[in-house]
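# Architecture and fold: a report
The residues making up each chain are set out below.
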Amino acid sequence: MRERDDEWTGLMRSAIAGDSAAYHRLLKAVTPVLRAAARRGLVRAGQPVDQSEDIVQDILLAVHLKRHTWDANAPFGPWLFAIARNKLIDALRRRGRRVFVNIDDFAETLPGEAPAETAPASEVAAQLQSLPARQRDVLQSIAVDSVSIKDTAAKFSMSEGAVRVALHRGLASLTAKLRE
Amino acid sequence: MDTDQLIRTLAADNASRARPVGFMLMLALLAAAPVSLLMFFTELGIRPDVMTAMRNPFFDLKFAVTLALAISAVGVSLHLSRPEASLRGFGWWLLLPAGILVACISGEMMMPQRTPMMTRLVGSNSKVCMMAIPALSLPLLAGALVGLRHGATARPAVAGAIAGLASAGLAATLYASHCTDDSPLFVATWYTIATALVTAIGALAGSKLLRF
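Cut-off values and rules
Residues numbered from 1 in each chain as written. Chains lettered and ligands numbered in written order. Predicted model: local features only at pLDDT ≥ 70, side-chain atom pairs only at ≥ 80, totals over all residues. Helix = DSSP H or I, 4+ residues; strand = E, 2+ residues; numbered from the N terminus. Buried ≥ 20, exposed ≤ 12 C-beta atoms within 10 Å, placed from the backbone. Contact = placed C-beta atoms within 7 Å. Nonpolar A, V, L, I, M, F, W, Y, C, P; charged D, E, K, R; others polar. pLDDT = per-residue confidence, 0-100. Expected span 1.5 Å × (residues − 1). Bend = angle between axes of the 7 residues up to and from the residue. Domains from an automatic or database assignment. Core = buried A, V, L, I, M, F, W, Y, C linked by C-beta atoms within 7 Å.

### Things to note about the overall build of chain A
Helices and strands together make up the secondary structure of chain A, namely nine helices and zero strands. Seen in sequence order, chain A has helices and strands lined up from the N terminus as α-α-α-α-α-α-α-α-α. Split into buried and exposed, the 180 residues of chain A put 41% on the buried side. For chain A, restricting intrachain contacts to residue pairs at least 6 apart in sequence, the fraction spanning at least 24 positions comes to 63%.

### Observations regarding the overall build of chain B
Regarding its fold elements, chain B presents nine helices and zero strands. Start at the N end of chain B and walk to the C end: the helices and strands fall as α-α-α-α-α-α-α-α-α. Counting only C-alpha atoms, chain B reaches 75 × 35 × 25 Å along its principal axes. Here chain B holds 212 residues, and the buried ones make up 46% of them. For chain B, the proportion of contacts with a sequence separation of at least 24, taken over those separated by at least 6, is 90%.

### Quick word on the interface of chain A and chain B
Taken together, the contacts link 38 residues of chain A with 27 residues of chain B. Of all the secondary-structure elements, those providing two or more residues to the side of chain A that touches chain B are α2 (20–44), α3 (52–65), α4 (76–94), α6 (123–128), α7 (133–144) and α9 (160–179) of chain A. In terms of residue class, the side of chain A that touches chain B is made up of 21 nonpolar, eleven polar and six charged.

### Topic: the confidence of the model for chain A
All names here are of chain A. Put simply, chain A has an average pLDDT of 85, and 86% of its residues get 70 or more. The least confident element of chain A, judged by mean pLDDT, is helix α5 (residues 104–107) at 58; the most confident is α3 at 94. With pLDDT under 50 throughout, residues 112–116 is counted as low confidence; its partners more than four residues away or in other chains account for six contacts.

### Comments concerning helix α8 (residues 156–176) of chain B
Here α8(B) is 21 residues long and its end C-alpha atoms lie 30 Å apart, about the 30 Å a rise of 1.5 Å per residue gives. Among the 21 residues that make up α8(B), 19 are buried, leaving the element largely enclosed by the rest of the structure.

### Quick word on helix α9 (residues 184–209) of chain B
With 26 residues, α9(B) should reach 38 Å at 1.5 Å per residue; the first-to-last C-alpha distance of 35 Å fits that figure. The sharpest bend along α9(B) comes to roughly 25°, located at B:T192.

### Considerations on the domain arrangement of chain A
Assigned domains within chain A: domain 1 (2–121) and domain 2 (124–179). Here the side of domain 1 of chain A that touches domain 2 of chain A is built from residues that sort into four nonpolar, two polar and one charged.

### A word on the nonpolar core
In this structure, A:I59, A:L60 and A:I83 are the most contacted members of the largest nonpolar core, which totals 56 residues. Counting only elements with at least two residues in this core, the list comes to α1 (2–16), α2, α3, α4, α7 and α9 of chain A together with α1 (3–12) of chain B. Built from parts of two domains, this core gets at least three residues from each of domain 1 (2–121) and domain 2 (124–179) of chain A. Those residues in contact with A:I59 that sit more than four places away from it in its chain are A:L34, A:I83, A:A84 and A:K87. If you look at the next biggest cluster of nonpolar residues, it comprises 52 residues, including B:L29, B:V76, B:A194 and B:L210.

### Let's talk about the confidence of the model for chain B
Residue and element names in this part refer to chain B. Summary statistics for chain B give a mean pLDDT of 93 and a share of 100% for residues scoring 70 or more. Across chain B, element-level confidence peaks in α8 with a mean pLDDT of 97 and bottoms out in helix α6 (residues 117–122) with 85. Here the predicted complex scores 0.88 on pTM and 0.86 on ipTM.

### Brief notes about the environment of A:V63
Residue and element names in this part refer to chain A. Residue position: V63 is located in helix α3. Sequence spacing of V63 and A84 is 21 residues, and the spatial spacing of their C-alpha atoms is 8.3 Å. Those residues in contact with V63 that lie beyond four places of it in its chain are L80 and I83.

### Concerning the environment of B:L67
Residue and element names in this part refer to chain B. Within the secondary structure, L67 is located in helix α4 (residues 57–80). Its 17 C-beta neighbours within 10 Å are what place L67 among the partly exposed residues. Residues L67 and A168, spaced 101 residues apart in sequence, show a C-alpha to C-alpha distance of 9.9 Å. Those residues in contact with L67 that lie beyond four places of it in its chain are G169 and T173.

Structure follows, in structure tokens:
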């Protein structure tokens, strides 16, 4: 548990220093843990677990947009689980249930403990369609068609800077829409 | 969009950097301050005898109380803007202004007074005080909430209440320069009621606005 947290903390520090590959590895590493925790929370609340992937994506977006609130001198795990807990409670509350989230849901989860296959998620995909055209096109290109930022810029005859701005704004408005 | 695609997209956005919450909070408070200042100078203004009042330690100590409240509340609200933060160990800062106030009251008690205690407590500006502090603090509270929205608090209502304390502290600092009631008993009564009102508004607004 300690080792895992140290590894995450190291990856997050590299990510903040500008290493996108480290950031990608970190998000990949935390996702199964978040997924298992989301499933456990849903089971405890008597909700179908097929919504877990929506919650996982919700948490990942919040991690991304709020990562400036992580103190680089503190371990990453407690921060991550605080974000995750908050998002899970929020998701369950929006589905109109009384919520009891056990802190241990997050603290004691091992990756691979729960089935790790990806369940379909629908909320992000649905909200993607309601974004302004420019943001939607850029997100679609980078996320779904996995085109690089450089090639996306060429495709839409935009500057790379404008693609980066549209990408970030798109992720932010996606998150705002999910919260409505 | 499946989760792997989302992760790849987030990694592609790794270069984006948000400003620290403290910076955004200061910026938002600085943007809101002119509104409160304008309200203060058009409706109230600094008391005319301010030069002589400054020689009264209890006039000066009003600012010690209100600024201690504003500064400690800003500090605590920044602490709470991190999701894993709790009030434990930090809540004590909020007792600092109360401590100064208690010290002021005991100081005043030990001095010979020309007016009886109840007269000093009731003062002559209690109504203005209870309207002015909430009114002056509303723009600042709005600013503080805008700034704190850049954070990620796990306790939106508590964080909103503390934003209310901070903005009431700043508003009371302005108001204290207008008010001719300098007794710490007056401050402890009416400033506190006004601050409690702003804190309640902050908690209510925060529970809606500070979710992330």
